[in-house]
Amino acid sequence: MTHPRMPQTFKLKCLAQAATLLVAGSLSLQTQAQETKLERVDVTGSSIKRIEGETALPVQTLKRADIDKTGATTAAEIMRSISGNTAGLTDGASITDSTGGQRGFNGANLRGIGVSSTLILLNGRRMANFASPGDNSGVDLNNIPAGAIERVEILKDGASAIYGTDAIGGVINFITRKDYRGADINVYASRTQEGGADKTAASVGGGFGDLTKDRFNVFGVIDVQKLGNLRSTEREFLQDRPLATTLPFYMSSRTFPGNIRLASRAAPRKVQLDALTAAGFTFAGKPFTQRTINLYAPACNPPATVYAKDNLSEACSFDYMQDTELYPESDKAAFLGRGVFQLNKDTQLFAEVLKSKTKTLYVASPNPIEITGVPTAAINPFLPKPLPFGGTVDVRQRVTEGGNRSNEVTSDAERIVAGVSGSLGTWDYDLALNRAVNKTDDAMKDGYFLYDKFVAGVRTGQINPFGKSPQAGQDLLSSIKVLDTARSSKGTTTTVDAKFSGELMQLGGGALGAAFGAEFRREETEFTPSALLLTNNIQGDRSSRGDSPKASSNSRNVAAVYGELNAPFTKELELQLAARFDDYSGVGNTFNPKLGARWQPSKQVMLRGSAGTVFRAPSINELTRPTSFGSSSAFLTDPGCVSQGFSVADCTDQWRVERRSNDKLKPEKSKQFSLGLVLEPVRELSASIDYWMINKTDVISDLSEQVILGNLAKYEKGYVTRDEFGEFIDTILLKKENQGELRTSGIDLDVSYRFNAGEAGRFRANANGTYVLKYERQFGAGEPFESNAGRFLSDQVIQKWRHRMSVDWDIGAFGLTLGNTYYSGYTDHNTAFNPNTSALLPARDVQAYSLWDMSGSWAVNKAMKLRVGVQNLLDKQPPFSNQGYYFLATYDPTYTDPRGRNFYASLSYSFR
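What you see is a predicted model; the values in this text were computed from it and never measured.

K.L.:
Please set out the overall build of the protein residue by residue, giving values where relevant.
P.N.:
From N to C terminus, the protein includes 16 helices and 54 strands. Relative to a compact globule of 912 residues, whose C-alpha radius of gyration would be 29 Å, the protein shows 30 Å and is just as compact. In terms of overall dimensions, the protein has C-alpha extents of about 105 × 70 × 50 Å along its principal axes. Buried positions account for 57% of the 912 residues belonging to the protein. A separation of at least 24 residues holds for 72% of the contacts in the protein among residues at least 6 apart in sequence. If you sum the accessible surface of the protein, you get close to 35,900 Å²; carbon and sulfur atoms cover 56% of it. Here the protein contributes 103 positive and 98 negative side-chain charges, whose respective centroids are spaced 1 Å apart.

As structure tokens, then:
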């Protein structure tokens, strides 16, 4: 990478040289014609059209039939079949605030090196990224019209030299049908054994026109889905894991009935405690001794507000896992249309339109609040016995009367592509204009209210923090309820691209293939907070300092030129050379080459390898997104507070956090290498093994709350502010920075076996898996590397082994498939204190997670096909985990499925 302030003449020289290559390639169109043309197809990972099957890069392909056999109906569900997809953004992970306010975003994460480092394409071209500003930059998988997908190609190798600088982890290309005639109707329904998370889906597609006869083809696909919610109370495995006995330190002290907090300073608190003792107040027959008390304990208010001795010994605790949702309700609708007109035998005009909308309702536990300075006279009427002292106390309350916090997130995507493609002799060209837009709205639907008026209601005795409020209090709650679209965001990507591919000359093994291209892209982002959000007066969504996220609008230009050569020096040896020059306004420019090799000494053996450099420019959000405020995703213990003599319970909380962008960020850089062996000893058996390595530097991230609290001696000064007494945390700063290096390597395995057993039918077995040899992270330049392989570290786990395998049996009109998705066990998250010992919990292991699925199909006739199946055949429950990064606790929501056993059926009918 060159420095952003490098001489402009050098930039122009690089662009001029690349343009010269482009012109030279186009001039040779007329001189390289051949009489015979073979049918060639685009292969993900190359701009050169090749005879199908000639791939030299590790490309995994999922066909429509493969997807149907798994029961997957969304792009996010399809990603579960990809062993290289690690620690992706799922609905369960999206519920938490750990992604910086990107609720509703589902993202893929190849190699586990970041959602922002995985490039998602639709028919080989970009879509707009999820618009809400946050920690990740990428395409929302909810916007992919799953019903229109014909196949998915996954290039599990860095491809920045071909597609651009955000393809460090690889490329996922969702490909739809191109020439569609007739009509298809597909309906799908699934229901879980325990109830909840039901799904109903349908797609209708149709097209007409024969390109050969009519010189045109037009088709469209409509895909609609309705997904039901799943509440925590509907799953037995969560009822068997109450936080009070499993992870009491994750419980909240904001309860219903509310907890009373006595004075923070020791002297005035002693006066209050002595008054309680003198008046005969006791807990379990003994005088109160703690700061946090509850006169309704230990009865409390099950199932959510319960007594947990290991959290608060004289008060109540809130088990939010007993009053939240695991799986959101969602409605998806998408339309994809494509038209092609054959202008002449060598030229086609084409246009593609995508329109999709996803509405997802995320429902969390009721709003937690702490009200300071509450007069004892205001709350005494609601207590079983009035407090025997005057003055004020603090009240930590869960506003159950106000309903569960509910946010409806709408992700609206549209894309229009128009262009011309054709051939001149042996050369092909493709020119297009692509405009993609994503709009997101985050609307508060329930559980939010005006902060100042609620606080006033408690302080004046209108609202009861310990039970049902009098009618006046209920009326007040109704009148201050917030129904507001608090955040609206829009992201627009406009791209003009041109590509030429063909043959330059003949070499010993065939034609020297070449491709040259150029791309100009403009990226624009807009963020608009509501007027009410700007008042900083919405309880549950307000900052600690009275600041508020300001409206913002940012844009930048990206220009690129690239070239690629495929050189078959002999029938056995082929080299691939690719290079790309990108220039990002305001960031700088970069030149990234890639060298690949393919050696096939026999029909049964092929060796392949590649090496290259990669560059990822910081996203607009990472550079300029508005400062936002919230709370830590999990309840965390502050060692600094404990060291001052306070109890672990008093020092454990969801601390306020402040999230900042950083306009001084440097780009991420990476060096990558892969080496593979492909074997086909017999026609029925094929296997491949590929080693890959990625070394990423200047990783863009923030120091997580857990890293900061785990090393306060180093990080407290710059990242933690405390209250006026220097005792309790006020705010933790989470700022985007270049945080050192990431080193990872592993092995991909793929085996396929098929044979024909005559009257017994046809069999096919396939397995693909990924074994991670190394995954090391560095939190800050100069910090020691910490292993994340087989261990939950800070914010994610990278399992050492993942696989997807299946066995198919087809006999006549019937088919049967048995599949298995497997995630190996790992060392559990371990940053929580045991309240009884003030020491870290002992290390423990999370069990392996293995899901079996089965489906059967019946081709009723040539037009109709029926499929029935069971996902999670053995009803495997998510393994227990200590992880405290995500809001959902006692399991890891990034890779597990809390739905349990799920039955589904689908019916398809084709009109031809």
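Here the narrative resumes, following the displayed structure.
K.L.:
I'd like a rundown of the pattern of salt bridges, residues and numbers included.
P.N.:
Within the structure shown, the criterion is met by 56 salt bridges. Residues Arg265 and Glu727 are paired through a salt bridge, measuring 2.5 Å at the closest nitrogen-oxygen approach. Taken together, the positions of Arg265 in the loop between β10 (259–261) and α8 (266–278) and Glu727 in the loop between β38 (720–722) and β39 (729–735) put the pair 462 residues apart, joining distant regions of the chain. The closest approach of N and O atoms between Lys345 and Asp346, which form a salt bridge, is 3.1 Å. Note on Lys345: relative accessible area 74%, which makes it exposed. Of the residues examined, Asp346 reaches a relative accessible area of 29% and is grouped as partly exposed. Beyond isolated ion pairs, a larger network of salt bridges with shared partners links Glu519, Arg521, Glu523, Arg556, Arg580 and Asp582.

K.L.:
Tell me about helix α11 (residues 471–479), and name the residues and values.
P.N.:
If you check which residues of α11 are buried, you get Gly473, Leu476 and Leu477. Relative to the axis of α11, the buried residues are bounded by an arc of 100 degrees and lie together on one face. Looking at α11, the residues exposed on the side facing more than 90 degrees away from the buried face are Gln471, Ser478 and Ser479. Lining the buried residues of α11 we find α10 (451–459).

K.L.:
Describe the environment of Ile620, listing the residues and the values that go with them.
P.N.:
In this fold, Ile620 is placed in helix α13 (residues 620–624). Once the C-alpha coordinates of Ile620 and Phe382 are considered, the two residues, 238 residues apart in sequence, prove to be 51 Å apart. Residues within four places of Ile620 in sequence aside, it is in contact with Glu523, Thr525, Asn554, Ser555, Arg556 and Arg625.

K.L.:
Give a detailed account of the sheet that holds strand β19 (residues 368–375), specifying residues and quantitative values.
P.N.:
By definition, the strands of a sheet pair up through backbone hydrogen bonds, in either a parallel or an antiparallel sense. An order of β13-β10-β20-β19 is seen for the four strands of this open sheet, with the pairing classed as antiparallel. With one partner strand each, in any of the chains shown, β13 (292–293) and β19 form the two edges of the open sheet. Where β10 and β13 come together, two bridges link them in antiparallel fashion. By the bridge assignment for β13, Ile260 is matched with Ile293.

K.L.:
Run through the packing of aromatic side chains, naming residues and quoting values.
P.N.:
The geometry of an aromatic ring pair is captured by the separation of the ring centres together with the interplanar angle, meaning the angle of the planes. Inspection of the entire model under this criterion finds 25 aromatic pairs. Judged by centre distance (5.7 Å) and plane angle (80 degrees), the rings of Tyr715 and Tyr719 are edge-to-face. You can see Tyr715 and its partner Tyr719 sitting in helix α16 (residues 712–719), four residues apart, about one turn around the helix. Given a relative accessible area of 16%, Tyr719 falls into the buried group. An aromatic cluster of three or more residues is present, and its members are Tyr753, Phe755, Phe763 and Trp809.

K.L.:
I'd like to hear about the side chain of Thr74, residue by residue, with values.
P.N.:
Take Thr74: it is sitting in the loop between α2 (64–70) and α3 (75–78). Of note is the side chain of Thr74, whose polar atom sits 3.1 Å from the backbone nitrogen of Glu77. If we skip the residues at most four places from it in the chain, Thr74 touches Ala146, Gln225 and Lys332.

K.L.:
Before we move on, could you go through α10 and cite the residues and values that matter?
P.N.:
Three or more residues of α10 are buried, namely Phe454, Val455, Gly457 and Val458. All buried residues of α10 project into a common sector of 155 degrees when viewed along the axis, lining one side. As for α10, its buried residues are in contact with β19, α9 (376–379), β20 (392–398), β23 (449–450) and α11. Once α10 ends, the next one or two residues include Gly461, with phi positive near 85 degrees.

K.L.:
So what about the confidence of the model for the protein? Which residues, and what values?
P.N.:
It should be kept in mind that the predicted coordinates are not to be read in detail where pLDDT is low. The share of residues in the protein with pLDDT of 70 or more is 91%, and the mean pLDDT across the chain is 88. Scored below 50 in pLDDT, residues 833–838 makes 15 contacts in the model with residues more than four places away or belonging to other chains.

K.L.:
Pulling in residues and values, what's your account of the state of the cysteines?
P.N.:
This structure, assessed with the given rule, holds two disulfides. Linked covalently through their sulfurs, Cys300 and Cys316 form a disulfide whose S-S length is 2.1 Å. Taking the torsion about the sulfur-sulfur bond, which here is approximately -95 degrees, the covalent link between Cys300 and Cys316 counts as left-handed. Placement of the pair is Cys300 in the loop between β13 and β14 (305–306) and Cys316 in the loop between β14 and β15 (317–318), with a sequence separation of 16 residues. An identical accessibility class is assigned to Cys300 and Cys316; each is buried. Across the disulfide, Cys641 is cross-linked to Cys651 (sulfur-sulfur distance 1.9 Å).

K.L.:
Break down the sheet that holds β38 for me, with residues and values.
P.N.:
On the basis of which strands lie adjacent, the open sheet formed by four strands has the order β31-β34-β39-β38 and mixed pairing. Two strands lie at the open edges of the sheet, namely β31 (628–631) and β38, each paired on one side alone. Averaged over all neighbouring strand pairs, the angle between strand axes comes to 25 degrees, with direction disregarded. Pairing analysis gives four bridges linking strand β34 (residues 656–660) to β39, with the strands arranged parallel. Counterpart to Arg660 in the pairing with β39 is Lys735. α16 rests against β38 and β39 of the sheet, and its axis sits at about 75 degrees to β38.

K.L.:
Hey, could you go over the nonpolar core for me, with residue numbers and the actual values?
P.N.:
One recurring pattern in soluble globular proteins: nonpolar side chains tend to sit buried together. Counting 40 residues, the largest nonpolar core has Ile260, Leu262, Leu276, Phe288, Ile379, Leu387 and Phe454 as its most contacted members. Sequence-distant contacts of Ile379, defined by excluding residues within four places in its chain, comprise Ile260, Val374, Leu387, Val393, Pro465 and Phe466.

K.L.:
Account for the side chain of Asp210, naming residues and giving values.
P.N.:
Tracing the backbone through its elements, the reader meets Asp210 in the loop between β7 (199–208) and β8 (216–227). Looking at Asp210, its side chain comes within polar contact range of the main-chain nitrogen of Thr212, at 2.8 Å. Leaving out residues up to four positions away in the same chain, Asp210 has contacts with Arg181, Arg215 and Phe216.

K.L.:
Residue-level account of the pairing of strand β6 (residues 182–192), with values.
P.N.:
For β6 and β7, the ladder comprises nine bridges, and the chain directions are antiparallel. Looking at the pairing, Asp184 lines up with Gly205 of β7. The turn joining β6 and β7, which pair antiparallel and follow one another in sequence, is formed by six residues; a positive phi near 95 degrees is taken by Gly195. Pairing analysis gives 10 bridges linking β6 to strand β54 (residues 902–911), with the strands arranged antiparallel. Following the sheet pairing, Asn186 is matched in β54 by Ser908.

K.L.:
Could you give me a rundown of unusual backbone geometry, with the residues and numbers involved?
P.N.:
Here the amide bond leading from Ala297 into Pro298 is cis, since omega sits at 5 degrees, within 30 degrees of zero. Within the fold, Pro298 resides in the loop between β13 and β14. Omega for the bond connecting Pro302 with Pro303 falls within 30 degrees of zero, at 5 degrees, which places this linkage in the cis form. One non-glycine residue with positive phi stands out, namely Asn536, at about 60 degrees. For Asn536, the position within the fold is in the loop between α12 (531–534) and β26 (538–539). One non-glycine residue, Ser794, lies in positive phi territory at about 65 degrees. Residue position: Ser794 is located in the loop between β44 (792–793) and β45 (796–797).

K.L.:
Lay out the pairing of β7 with the relevant residues and their values.
P.N.:
It is a general feature of regular strands that their side chains alternate between the two faces of the sheet. Alternating positions in β7 separate cleanly, Lys199, Ala201, Ser203, Gly205 and Gly207 being buried on one face and Thr200, Ala202, Val204, Gly206 and Phe208 remaining unburied on the opposite face. Relative to β8, β7 runs antiparallel, the two sharing 10 bridges. Among the inter-strand pairings, Val204 is bridged to a residue of β8, identified as Ile222.

The rules behind these values
Residues numbered from 1 in each chain as written. Predicted model: local features only at pLDDT ≥ 70, side-chain atom pairs only at ≥ 80, totals over all residues. Heavy atoms only, no water. Helix = DSSP H or I, 4+ residues; strand = E, 2+ residues; numbered from the N terminus. Rg over C-alpha atoms; globule rule 2.2 N^0.38 Å. Buried < 20%, exposed > 50% of the residue type's maximum accessible area, 1.4 Å probe, protein only. Contact = heavy atoms within 4.5 Å. Areas by Shrake-Rupley, 256 points an atom, 1.4 Å probe, with all protein chains shown as cover. Lys, Arg positive; Asp, Glu negative; His and termini not counted. Charge placed at Lys NZ, Arg CZ, Asp CG, Glu CD. Salt bridge = Lys/Arg side-chain N within 4 Å of Asp/Glu carboxyl O. Arc of directions from axis to C-beta. Pairing = 2+ DSSP bridges. Phe/Tyr/Trp six-rings, centres within 6.5 Å; stacked < 30°, edge-to-face > 60°. Polar contact = N/O pair within 3.5 Å; in protein donor to acceptor, adjacent residues only side chain to side chain. pLDDT = per-residue confidence, 0-100. Disulfide = S-S within 2.5 Å. Axes fitted to C-alpha atoms, helices over the stretch in contact; angles between N-to-C directions. Core = buried A, V, L, I, M, F, W, Y, C linked by side-chain atoms within 4.5 Å.

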